[in-house]
Structures are given as structure tokens and as C-alpha cells.
Amino acid sequence: MESNTAQGTHLYILSLQNSRQAACTISGTYTPPPGATRFDILNRLRLDAAREYPSMEGAIVLYFALDTNHLTDQEVTQ
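Chains are numbered independently. Their residues run from 1 in the order of the written sequence. For a predicted model such as this one, the threshold for reporting local features is a pLDDT of at least 70, and the threshold for listing and counting side-chain atom pairs is 80 or more; totals across whole chains, interfaces and linings nevertheless cover every residue. Hydrogen atoms and water are omitted, and side-chain values are computed over all heavy atoms in the structure.

Undergrad: How should the sheet that holds strand E2 (residues 23-30) be read in this particular structure?
TA: By way of backbone hydrogen bonds, the strands of a sheet pair with one another, either parallel or antiparallel. At least two DSSP bridges between two strands are required for those strands to pair. To qualify as a helix, a DSSP run of H or I must reach at least 4 residues; to qualify as a strand, a run of E must reach at least 2; elements of each kind are numbered from the N terminus. Here three strands make up an open sheet; going across it, the order is E2-E1-E3 and the pairing antiparallel. Whereas interior strands pair on both sides, the edge strands pair on one side only; in this sheet they are E2 and strand E3 (60-68). Taking each pair of neighbouring strands and ignoring which way they run, the sheet shows an average axis angle of 10°. Pairing between strand E1 (residues 10-17) and E3: eight bridges, direction antiparallel. Within E3, the residue paired with Leu14 across the bridge is Phe64. Contacts: residue pairs with any heavy atoms within 4.5 Å of one another. Helix axes use the C-alpha atoms of the stretch in contact, all axes being lines fitted to C-alpha atoms, and the angles between their N-to-C directions lie in the range 0 to 180 degrees. The strands touched by helix H1 (residues 38-52) within the sheet are E1, E2 and E3, with E3 carrying the most contacts at an inclination of about 125°.

Spelled out as C-alpha cells, the structure:
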């Protein structure tokens with residue numbers, strides 16, 4: 001599988017649940033600005049999720065993962 005799409009430096013997964021017990025999970029890649037913290041990125045993703053899914057405004061975080069978007073330090077070939 002090959003991808004010609006540019007990807008961010010980090011992979012994220014964020015699951016939210018609102019007060020009505022509805023939940024959503026968003027995922028993707030993101031390149032944080034210099035000096036950004038994990039907390040900064042979490043808050044940015046929560047705001048983005050609430051813009052896309054208004055019912056998630058004020059939702060609680062069920063799960064959050066943020067990892068570098070690479071498998072190894074060397075190019076992976078198959």
C-alpha cells in the first residue's frame with residue numbers, strides 16, 4: 001500500500017463522549033507548531049471535533065493518543 005498524500009509528523013486518535021452518552025472518535029495526522037505541548041494539541045483537537053460535531057462541545061475525553069508518525073528510523077520497504 002502506498003500513499004501519495006503528505007502526512008503530518010504525528011498520528012492522533014481522540015475519542016469523546018457527550019452528556020447524552022453519544023461518542024465519536026477522530027483520527028488523523030498533524031504537524032504541531034514548534035513549542036507545542038501534548039496538552040496544546042489535545043485542546044486543538046477537541047475544538048476541531050466540536051466544530052465538526054457540535055454535540056461534542058464540552059464532551060469528556062475517553063481516549064487520547066499522540067505518537068510520532070513513523071514505524072522506524074529507517075525507510076520501511078517490502
